[in-house]
Amino acid sequence: MAAPGGCSLSAAFQEYLRHLGLQDFPCGLGSWNKSCPSGRRSPRRGQPGQEEAVLDEETPEALLELLRDQHSPWALPQDCSPQDRLLREVAVLAPELIRGSKVCQVLRSLRMVDKGGLRDTLAKPSSLQVEEVDEGVLQFQQLEELILSANQISRITSANLPRTLKVLELCCNTVGDLEDLCSQPPPELQHLGLGHNRLCGPSQDKFLTGDFWPNLISLDLSFNSLTDLLGLVSQLATLQKLRILVLQGNPLALIPTYRGFLVDSLPKLSLLDDIYVGPDERQQFRGLARQPELSRSEARVVVSVGEMKGVPDPSALQQLEVGSEAPVITCSYFVTYEFPEGEEEFVEEEELEDESNTEVTKTQQSPKGSMLDVDSSAQDTGETKNQQDPAATEEPKAHSARVFATPGMPWADTIDCSYTKEHIAKDLVGLMSYLAAGTVVSVVEEKHPGSRDKKKKQQQQQPRELRSDPPILRTLGTTRVTLEALLATEDLVETVCDFGVLITEKPPEAPIPEEKDEKKGKDKNKKAKAEGRAGQKTSGLPKVREPGAGKGKNKDTAELEEGQGLQPVPLVVQFQMQLLRWPLAVGAHSRENEAVEVEKTQ
């Protein structure tokens, strides 16, 4: 039985026929159809005593024209399926075939895709969501193609499938177990589509063998949660007629030797992930199937951060007077990005000597609400370490992320980060979820308060113990980078993150000497102003503008005119993420082995 809110395939099909209006004009059996037998017409009578006459009859050709003409009120939408057009035309040419169960004998292909989106006056959209393939499907005795994409089917019983079936498409459902499907599978099935479902290996690998599918030519397992590459390939090798295979979007597709291992293990394969397998590619991956140690369950990802532009000049905000005792603030800038936890770092031999250096720790608030320590020292790799915050561990997350940072760089018109880091991900399921969601990239400004250099005072005063304040962090911009292309056939995502134009605050102006005098003697200034106003009234002389004020105004006007010619520059950062494939990962693998040997000898 179908779950509440869903329905069986047979019920959805009957509702679908009613929606097409196969019994209404110009379809169906009626007085308007001249081809209908006279006994089944609904005649209109003339005057009494005259013979019965059938009025307003139309030929089948004229009725078909009403269906096919786009300007006709009975025409189907242009985006309707070929199945819709076929049934409407059959209802005109042979309306007796669409009555009762006879329509099931006409169809060789049945397409019930996303019927939850069908709008009708009597049925709710959710009631047409197919959740069960019931016994009524066996009435389709000539059915060869059954497409049930985008429904809510979680289990399918093969005993309810017609034995004549050659194509079964179940894409975008909730299938998580193939045991019922493999109990009595259609023996002539040539295509099985199970993409975008909930299959998890290796428990489902045993149902993908030639014992169940001896005539299978095409198999779609894309975007599931299959992780065991070696185990799955050993089962697929028994499918002697398999020529087309789709596995992209699975965690196992992130393994560097994924494509090469499949191409060499399945010599009859002609199309893998919608890409043709040619003889050159087979020669390139020849012998890889005999090296299973290269296909271990891990992925290698290289993150690169290039140039950063559009950062406001911090010196414009520090217009200090000569002799001022205000501290000088130095600013540095770095870029942060997220990467899933559970990854191992690859550290080369030259970097092992730098681990004893002092680290500069920054506190960064991650988008998920957990506090992370970001290490951005120039010597270290820029990795972040989780802070043991009890509040952050109250609600465990399926796939948490860590924040990595580039080394801090001083301000420049173009800041070259020159950052490259290789991540080795052991949790392929977590990495797949991370790539599907994308990563968060931020630009952070770090302010370091300092002190001005005064040699004279240092000579007169005794040296004191100085204590500097902790650095102040400010996020200048944050954006999300889409990484879904890495789940398909792309190996590289290269983009320029645009954070927009930053609006900087105007630096505070130093008070003029007149304002200082006014603060020292309020009453004297008031008295002087009163006497000045009285003197101006008696003398009648015009007020003279001070030279300093006129010069300042002219300078501001010149700066304003000069600034109008400059266009604002947005804050942008070059960001790149690459998924290493074989043989690019072979070099990294050999360097890792060398580093391990060096560590053992020390």
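The structure under discussion appears in the preceding block.
Residues numbered from 1 in each chain as written. Predicted model: local features only at pLDDT ≥ 70, side-chain atom pairs only at ≥ 80, totals over all residues. Heavy atoms only, no water.

Caption draft 1: Spatial organisation of helix α3 (residues 82-93). In a regular helix each residue adds 1.5 Å, so 12 residues correspond to 16 Å; α3 covers 16 Å between its end C-alpha atoms and thus fits that length. What α3 keeps buried is the set Q83, D84, L87, R88, V90, A91 and V92. Buried residues belonging to α3 abut α1 (9-20), α2 (60-68), α4 (102-106) and β2 (109-111). (Helix = DSSP H or I, 4+ residues; strand = E, 2+ residues; numbered from the N terminus. Expected span 1.5 Å × (residues − 1). Buried < 20%, exposed > 50% of the residue type's maximum accessible area, 1.4 Å probe, protein only. Contact = heavy atoms within 4.5 Å.)

Caption draft 2: Spatial organisation of the pattern of salt bridges. As enumerated under the stated definition, the model contains 11 salt bridges in all. Residue E298 pairs with R300 through a salt bridge whose shortest N-O separation is 3.6 Å. Connected via shared salt-bridge partners are R296, E298, R300, E422 and K426. (Salt bridge = Lys/Arg side-chain N within 4 Å of Asp/Glu carboxyl O.)

Caption draft 3: A look at the side chain of E169. Its location among the elements puts E169 in strand β5 (residues 167-169). Although buried, E169 forms no salt bridge, and the nearest oppositely charged side chain, R111, lies 8.7 Å from it. Here the side chain of E169 touches C171 through a polar contact of 3.1 Å, landing on its backbone nitrogen. Of the polar contacts made by the side chain of E169, one reaches the side chain of H191; its length is 2.9 Å. Residues in contact with E169, not counting those within four places in the same chain, are L146, I147, L148, S149, H191, G193 and L194. (Lys, Arg positive; Asp, Glu negative; His and termini not counted. Polar contact = N/O pair within 3.5 Å; in protein donor to acceptor, adjacent residues only side chain to side chain.)

Caption draft 4: Representation of the nonpolar core in the model. Ranked by internal contacts, the top residues of the largest apolar core, which has 106 residues, are F13, L168 and M308. Per-element accounting of this core gives the leading share, 6 residues, to α1. Each residue touching F13, except ones within four places of it in the same chain, is listed here: V103, C104, L107, L110, M112 and F140. (Core = buried A, V, L, I, M, F, W, Y, C linked by side-chain atoms within 4.5 Å.)

Caption draft 5: The arrangement of the sheet that holds strand β4 (residues 145-147) in detail. Pairing in this open sheet of 8 strands is mixed, and the strands run β2-β4-β5-β6-β7-β8-β9-β10 from one edge to the other. In this open sheet, the two edge strands, each paired with only one partner strand, are β2 and β10 (275-276). (Pairing = 2+ DSSP bridges.)

Caption draft 6: Structural view of the packing of aromatic side chains. In the structure shown here, the tally under the stated rule is 8 aromatic pairs. With a centroid separation of 5.7 Å and 55° between ring planes, the pair formed by F285 and W582 is classed as tilted. Placement of F285 in the loop between α7 (279-284) and β11 (299-309) and of W582 in the loop between β23 (572-579) and α14 (584-601) is noted, with a sequence separation of 297 residues between them. Relative accessible area serves as the criterion here: at 22%, W582 is assigned to the partly exposed category. An aromatic cluster of at least three residues, connected via ring pairs, comprises Y337, F404, Y419 and F575. (Phe/Tyr/Trp six-rings, centres within 6.5 Å; stacked < 30°, edge-to-face > 60°.)

Caption draft 7: Representation of the packing of α1 against α3. Between α1 and α3, the shortest axis-to-axis distance is 11 Å and the interhelical angle comes to 65°. Classified by the angle between their axes, α1 and α3 sit roughly perpendicular to one another. Considering only the axes of α1 and α3, their crossing is right-handed. Touching Y16, L17 and L20 of α1 are Q83, D84, L87 and R88, all from α3. Here the residues of the contact of α1 with α3 are counted per class, giving 4 nonpolar, 1 polar and 2 charged. (Axes fitted to C-alpha atoms, helices over the stretch in contact; angles between N-to-C directions. Parallel < 35°, antiparallel > 145°, perpendicular 65-115°, else oblique. Left-handed = near helix turned anticlockwise from the far one by under 90°. Nonpolar A, V, L, I, M, F, W, Y, C, P; charged D, E, K, R; others polar.)

Caption draft 8: Layout of the pairing of β11. Burial analysis of β11 places 9 of its 11 residues in the buried class, the great majority of the element. Here 10 bridges tie β11 to strand β19 (residues 414-425), and the two strands are oriented antiparallel to one another. When the sheet's bridge partners are listed, A299 is paired in β19 with A425. Taken together, the 7 bridges between β11 and β23 define a ladder with antiparallel strand orientation. What sits directly across from V305, in β23, is F575.

Caption draft 9: How the structure looks around the packing of helix α5 (residues 229-236) against helix α6 (residues 258-265). Following both chains from N to C, one finds α5 and α6 inclined at 25°, their axes separated by 11 Å at the closest point. The angle between the axes of α5 and α6 places the two elements in the roughly parallel class. Crossing geometry of α5 relative to α6 is assigned as right-handed. Within the contact between the two elements, α5 uses L229, L230 and V233 and α6 uses Y258, F261, L262 and S265. Across the contact of α5 with α6, the residue classes break down as 6 nonpolar, 1 polar and no charged.

Caption draft 10: Region of interest: the environment of F404. By secondary structure assignment, the location of F404 is in strand β17 (residues 401-405). A relative accessible area of 0% means that F404 is categorised as buried.

These figures come from the coordinates and say nothing about function on their own.
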